[in-house]
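Breakdown of the fold
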Amino acid sequence: MRLPHPPRHHFTPALVSTLAAVLLSCLTLGPHTSLAQDRNRLVAGFRPRVYAITGARLVRAAGREDPKGTLVIRDGVIVDAGPDAKVPPGAVTIDGSGLVAYAGFIDADADDLLVDKPTLPNPPGRPVDFTRYVLAATRPDNRKSLTPQFAAEIALKLDAARLANIRQHGFTSVHVIPDGRIASGTAALVSTAGLPPRESIVTAPTLATFALKPPRGNGYPQTLMGAHAHLRQALLDARRFAQHQKLYTAATAATAATAQSAQIPRPPTDAVLTALNQVLDGRRRAAFRVRTTDDIHRAIAFSAEHKIHPVLLGVDSADQCLDHLQKGGFDLLMSMQFGAEPKIRTAPEKTKLTTALPEPLKVQRDTARRWKTRVEGIGNLYRRGIKLGVGSRGLKNRGELLKEVRRAIEHGWPASAALKALTTEPARILGLSKRLGTLDTGRLGHVVLWTGRFEDAESRVRYVLVDGLLFQYNKSAKPQSPKPPQPPKNTDDSPPPPPLPRSIAGDSTSRPSEIHSDRIKRSLATGGNVLIRNATILTGTGRTLTNHSILVRNGKIVAIGAQLEAEPGTAEIDASGRFVMPGIIDTHSHIKITGGVNEATQSLVPEVRIKDVINTGDVSEFRALAGGVTVARLLHGSANVVGGQDAVVKLKYGQRVSEQVLADAPQGVKFALGENVKFRTTRFPNTRMGVEATLNRAFLEAIDYRRRWQQYRMARESADGKNLLAPRRDLRLE
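Definitions and cut-offs
- Residues numbered from 1 in each chain as written.
- Predicted model: local features only at pLDDT ≥ 70, side-chain atom pairs only at ≥ 80, totals over all residues.
- Heavy atoms only, no water.
- Phe/Tyr/Trp six-rings, centres within 6.5 Å; stacked < 30°, edge-to-face > 60°.
- Helix = DSSP H or I, 4+ residues; strand = E, 2+ residues; numbered from the N terminus.
- Buried < 20%, exposed > 50% of the residue type's maximum accessible area, 1.4 Å probe, protein only.
- Lys NZ or Arg CZ within 6 Å of the ring centre and 35° of its normal.
- Salt bridge = Lys/Arg side-chain N within 4 Å of Asp/Glu carboxyl O.
- Pairing = 2+ DSSP bridges.
- Axes fitted to C-alpha atoms, helices over the stretch in contact; angles between N-to-C directions.
- Parallel < 35°, antiparallel > 145°, perpendicular 65-115°, else oblique.
- Contact = heavy atoms within 4.5 Å.
- Nonpolar A, V, L, I, M, F, W, Y, C, P; charged D, E, K, R; others polar.
- Left-handed = near helix turned anticlockwise from the far one by under 90°.
- Expected span 1.5 Å × (residues − 1).
- Polar contact = N/O pair within 3.5 Å; in protein donor to acceptor, adjacent residues only side chain to side chain.
- pLDDT = per-residue confidence, 0-100.

**As for the packing of aromatic side chains**
Per the stated rule, a full pass over the model turns up 10 aromatic pairs. Plain terms: the ring middles of Phe-288 and Phe-302 are 6.2 Å apart, the flat faces sit at 55° to each other, and that makes the pair tilted. With Phe-288 in strand S13 (residues 285–290) and Phe-302 in helix H6 (residues 293–305), the pair connects residues that are 14 residues apart, well separated along the chain. One exposure class covers both Phe-288 and Phe-302, and it is buried. Here the basic side chain of Arg-181 rests over the ring of Phe-150, its NZ or CZ set 5.8 Å away from the ring centre.

**Quick word on the pattern of salt bridges**
Applying the stated rule across the entire model yields 50 salt bridges. Between Arg-398 and Asp-112 there is a salt bridge, with the nearest N and O atoms lying 2.6 Å from each other. Here the residue Arg-398 occupies a position in helix H9 (residues 398–410), and Asp-112 occupies one in the loop between strand S7 (105–110) and helix H2 (160–167), the gap between them amounting to 286 residues. With relative accessibility at 3%, the residue Arg-398 sits in the buried group.

**Notes on the sheet that holds strand S14 (residues 311–314)**
The strand order across the open sheet built from six strands is S9-S12-S13-S14-S15-S16, with neighbouring strands paired in mixed fashion. The sheet is open, and its two edges are formed by strand S9 (183–186) and strand S16 (388–391), each paired on a single side. Geometrically, the sheet is characterised by an average inter-axis angle of 25° between neighbouring strands, direction not taken into account. Pairing of S14 with strand S15 (residues 332–335), which is carried by three bridges, proceeds in the parallel orientation. Considered in S15, the bridge of Leu-313 is made with Leu-333.

**Structural notes on the packing of helix H4 (residues 224–252) against helix H5 (residues 271–280)**
Interaxial distance between H4 and H5 falls to 8 Å at its minimum, and their mutual angle equals 90°. The orientation of H4 relative to H5 falls into the category roughly perpendicular. Only Leu-273, Thr-274, Leu-276, Asn-277 and Leu-280 of H5 make contact with H4, whose side of the interface consists of Ala-234, Leu-235, Asp-237, Ala-238, Arg-239, Phe-241 and Ala-242. Residue composition of the contact of H4 with H5, grouped by class: eight nonpolar, two polar and two charged.

**Things to note about the environment of Ala-110**
Mapped onto the fold, Ala-110 is located in strand S7. Judged by relative accessible area, Ala-110 falls into the buried class, the value being 1%. For the pair Ala-110 and Ser-335, spaced 225 residues apart in sequence, the C-alpha to C-alpha distance is 9.7 Å. Apart from residues lying up to four places away in sequence, Ala-110 is in contact with Val-174, His-175, Val-176, Ile-177, Ser-392, Arg-393 and Arg-398.

**Points about the environment of Leu-724**
Considering the arrangement of structural elements, one finds Leu-724 in the segment after helix H14 (688–715). For Leu-724, a relative accessible area of 16% translates into the label buried. Here the alpha-carbon distance between Leu-724 and Gln-243, two residues 481 residues apart in the chain, equals 9.9 Å.

**Comments concerning the packing of H4 against H6**
H6 packs onto H4 with a crossing angle of 25° between their chain directions and a minimal axis gap of 11 Å. By the angle between their axes, H4 is roughly parallel relative to H6. Along this stretch, H4 crosses H6, giving a crossing that reads as right-handed. Counted together, Leu-224, His-228, Leu-231, Arg-232 and Leu-235 of H4 and Arg-298, Phe-302 and Glu-305 of H6 form the full contact between these two elements. Tallied by class, the residues present in the contact of H4 with H6 amount to four nonpolar, one polar and three charged.

**A short note on the sheet that holds strand S28 (residues 647–650)**
The sheet built from three strands is open, its strands ordered S25-S26-S28 with mixed pairing. Lying at the two open borders of the sheet, with one neighbouring strand each, are strand S25 (584–589) and S28. Adjacent strand axes in the sheet meet at a mean angle of 20° when their direction is disregarded.

**Observations concerning H4**
Because each turn of an α-helix spans 3.6 residues, side chains separated by three or four positions in sequence point in the same direction. Compared with an ideal rise of 1.5 Å per residue, which puts 29 residues at 42 Å, H4 spans 42 Å between its outermost C-alpha atoms and is within 8% of the ideal. Between the side-chain oxygen at the start of H4 and the backbone nitrogen of Gly-226 there is a gap of 3.0 Å, and the oxygen is on Thr-223.

**Focus: the confidence of the model for the protein**
Across the protein, the average pLDDT comes to 89, with 88% of residues at 70 or higher. Segment residues 1–16 is flagged for pLDDT under 50; beyond a separation of four residues in sequence, or across chains, it makes one contact in the model. Counted against residues more than four places away or in other chains, residues 497–506, with its pLDDT under 50, gives 11 contacts.

Spelled out as structure tokens, the structure:
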């Protein structure tokens, strides 16, 4: 049967022209039309592949701009850029006249795109009943607070509303960093396009994240010094684990002629040690989260111990560690939580009853000064050549982050340096310099068009292009007229601030107070060279020398006499009418210890070290100095049969730990045999007899540990010694 022909439609030339015009208008976007849809409203079927931004000021990178140019993006990649770039046929054209195009900003440190309570790996280990038994060795499978194998990309929360809010502030990618544990896992860089996770992940994993902090929960460890020891032991185990795998693989392929090699036991399967070893051998870059100056110095010292060059996260106190950060060449992903500028409050009127009195004026002024120093510190980092990116962690949203960035610019941070911190620097730190951060050919088409310069608080995001998708915001916003650059606030040429409110006698704000800067001012920097003149010297040997002088050179007493002269430049102190005596040595002290004095979770913890957790800002140190104490032996607490290693320190308030610890002082470990060690029901021992049994067990295991190492060293001398597996290093038994 023959089917009839379908009806034929005849199009007049006028109709064809009209249809063509309609189609072209659908492919061309003016300032008030959009193809943009959020993730939950994307239409199926045709999607534009090519976009062309025309007539915009192209900020290709900090310090490199085209006043008026064209940017062509095909399949999410920039294929042409500049004043001579041509709009290809079929491209969706975006009129950028009067707008400023930047590379999409990178939020370098965030966690709000992670699910609230991700499922963490928790591999079971061998059970140990610590209420009945004492274990001298460290457990090789203790994984408390260690989840380096966790990957942020498997726990993303990419909801449309949150991503839309991020985009409208100019951010096209977010560095999602897990946190909360000693080893929290690896981070991921995620696009804000709103596509499924498999299409949104720009790169993963990026950094392996760590934090030397007291972990939550029961069991070892619970203190800061325990966290140091726990991670230190895990990294040693990771090195041995890699060697074990290597020897076992070789032994599996060995012939009968190499029978000794074939005696290597099968290694365990351990995702934690595998992940840590990627950091140790340089395949994964490590990042340590830090806040205080002591945190910064601890993380740097710990990393150097294990030959790791870390990225530093947070770094709230970076402005106080400029020399150390500059010398080490560390990359920073910085917190920008400055908070509101402190205001000086006066005392309430006496007629008003209140329980909340303002801080003394001196304290308020110091708080304001420290706030200003921190904001200005971002610019000081730039002037020292310290590279950094910035993140929104701890802030409400990315608008708050931009607000803090602009605040830092007002206080002396160059806008060009701020732009680098939002684009090229985080891209470089994450190994993506050739893919993100600039508007150059070959880079991903992460582009944001602003109505003005990003540092201008009145500028608004108009268009965002990311991963081949176009989004529109602030349709009513008009292009800003160029503004002359404003000088930074509070420069040396700025007028002095208005006078602070004057305190009145009896005013609550005039209360006596002492602040950190007061204590620092009381120290005299001598460089180790000082002449103390005309003192009455109590030598400590039974002799008293009147009207004598003491000459100190390079920190050592070199002469005592009635008539001493110093070299030019030596500091001098006139001690006429005063007594000079040897500094007091406090042989049992618990001052200057951060994050817990007792690692009380187990009876034997000699691997923890006080020197890992010295607090250089403890006011107790200053007060001890005022009482004549110059050296202290800082001891672990008495909650353990065998506690941690002590530290002998010179009291040099405000100086770094490396300048306080007496490295050549006799090293000790705290033992406790009294009641404190036996009253805990969650661990053995619970009697005096148990204390003795615990000590015997500890030393017997240590003797056997030493024997195994002696046997290994002797066997290493044999012909096949290089193929032997070394015993596991155990910091507790050592």
